Amino acid sequence: MITAKNNSQLKYISLLLKKKSAREEDGVFVCEGKKMFFEIATQAPELLVKAYWSQKGLSGLSGEEQALLSVCPYEEVTDEAFGAVAETVTPQGVLCIVRMPKRTLSDMLSSGKGLLLLETLQDPGNLGTMLRTAEAAGIGGIILSSDSVDAYGPKVVRATMGAIFRVPFLYVDDFCETLRALKDEGVRLFAAHLKGSVPYDEPVYGERYGIMIGNEGNGLSDAATELSDVRVRIPMEGQAESLNAAIAAAILMYRAKLR
């Protein structure tokens, strides 16, 4: 049992939670909570590296849940030491180290569904909400520019409520070049734009489409906007100038779902 708060394994978990560079170097990230652990254990056990259970977390498991502990190595941690490293105010009893899935642009296209294309998105809460909504709206995957917020950061992982394991996503170094590649594959690009000339509910999005959402403060870059096939706008009343990026994405994803 791990008893010390300064245990080397717990320090490593803390490093992964705080440093994107550490996550990227080792190709792993940290998930917290029983729901997340058992979802990975049942759907993608090959991604699990190791789990850390608090005394309270282990004691509260059902017989069926205990049977799933064997899918990966685990350590028991005293409640005090566990609470020192856990991110949540009320820890749920388990932290697990998880491998990052490897995906390609071909993987994104293979579903034959619509895509969400995010350029320079910065807010963890927005990305977490978008991942959850993308799953609910039947989106095939999410492509992000490399300067977007890290999907494997703890705030995003928590906000996805498990969707991070069910919605494939991919970071790309050259966002505009990726847009060109999508167009070459017959994907029609719809840019959410304040100066869009087409109301969002007017076009027929079809089967192969990409919804483009830009930075929370500046929107899409001119270069990305120029590559879009249609610039759509969401009409607003009152003095509102724009919608939250996640809300705008949700409106467009569900409109596209209705085709």
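Attention in this report is confined to the structure presented alongside it. This is a predicted model, so every value here is computed, not measured. The residue count restarts for each chain, going from 1 along the sequence in the order it is written. With pLDDT at 70 or above as the cut-off, local features in this predicted model cover only qualifying residues; side-chain atom pairs require 80 or more to be listed or tallied, and sums for whole chains, interfaces and linings still use all residues. Think of the side-chain values as coming from all heavy atoms in the structure, minus any hydrogens and water.

## Concerning the environment of Gly27
Each helix is a run of DSSP H or I of at least 4 residues and each strand a run of E of at least 2, with the numbering of both proceeding from the N terminus. Here Gly27 lies in the loop between helix 2 (20-26) and strand 1 (28-32). Classification of residues uses two cut-offs on accessible area relative to the type maximum, computed with a 1.4 Å probe and protein chains only: under 20% is buried, over 50% is exposed, and between them is partly exposed. By relative accessible area, which is 17% here, Gly27 ends up buried. Sequence separation between Gly27 and Arg99 is 72 residues, and the spatial gap between their C-alpha atoms is 6.0 Å. Only heavy atoms enter the contact rule, under which two residues are in contact if any of them lie within 4.5 Å. When neighbours within four sequence positions are excluded, Gly27 is seen to be in contact with Val98, Arg99 and Met100.

## Remarks on the layout of surface pockets
Approximately 560 Å³ is the volume attributed to the largest pocket. Forming the walls of the largest pocket are 24 residues, and the residues nearest its centre are Ala192, His193, Leu194, Gly219 and Ser242. Every element with two or more residues in the lining of the largest pocket is listed here: strand 11 (230-233) and helix 12 (245-258). Only Asp, Glu, Lys and Arg are considered charged in this grouping, and only Ala, Val, Leu, Ile, Met, Phe, Trp, Tyr, Cys and Pro are considered nonpolar; every other residue, Gly among them, is considered polar. Taken together, the residues that form the lining of the largest pocket break down as 11 nonpolar, 8 polar and 5 charged. Among the elements of the structure, helix 2 and strand 7 (169-172) are those that each provide at least two residues to the lining of the second largest pocket. Residue contributions to the lining of the second largest pocket peak at 3 residues, all from strand 7. Its residues assigned to classes, the lining of the second largest pocket shows 6 nonpolar, 2 polar and 5 charged. Grid points spaced at 1 Å and placed over the protein atoms alone form the basis of the search, with a cavity being a set where a 1.4 Å probe fits but cannot get out and a pocket an open set showing protein on both sides within 12 Å along at least five of seven lines. Lining residues have an atom within 4 Å of a point. Grid points are joined across faces, edges and corners, and a volume is the space filled by probe spheres set on the points.

## Focus on the pairing of strand 10 (residues 209-213)
Within a regular strand, the side chains alternate between the two sheet faces. Counting buried positions over the 5 residues of strand 10 gives 5, a clear majority of the element. Burial of the side chains of strand 10 extends over both faces: Tyr209, Ile211 and Ile213 are buried on one face and Gly210 and Met212 on the other. Strands are labelled as partners when DSSP assigns at least two bridges between them. Strand direction decides the pairing type here: strand 5 (residues 115-118) and strand 10, joined by 4 bridges, are parallel. Within the sheet, the bridge partner assigned to Leu115 lies in strand 10 and is Gly210. As defined by bridge partners, strand 8 (residues 188-192) adjoins strand 10 across 4 bridges and the pair is classed as parallel. Within strand 10, the residue paired with Phe190 across the bridge is Ile211.

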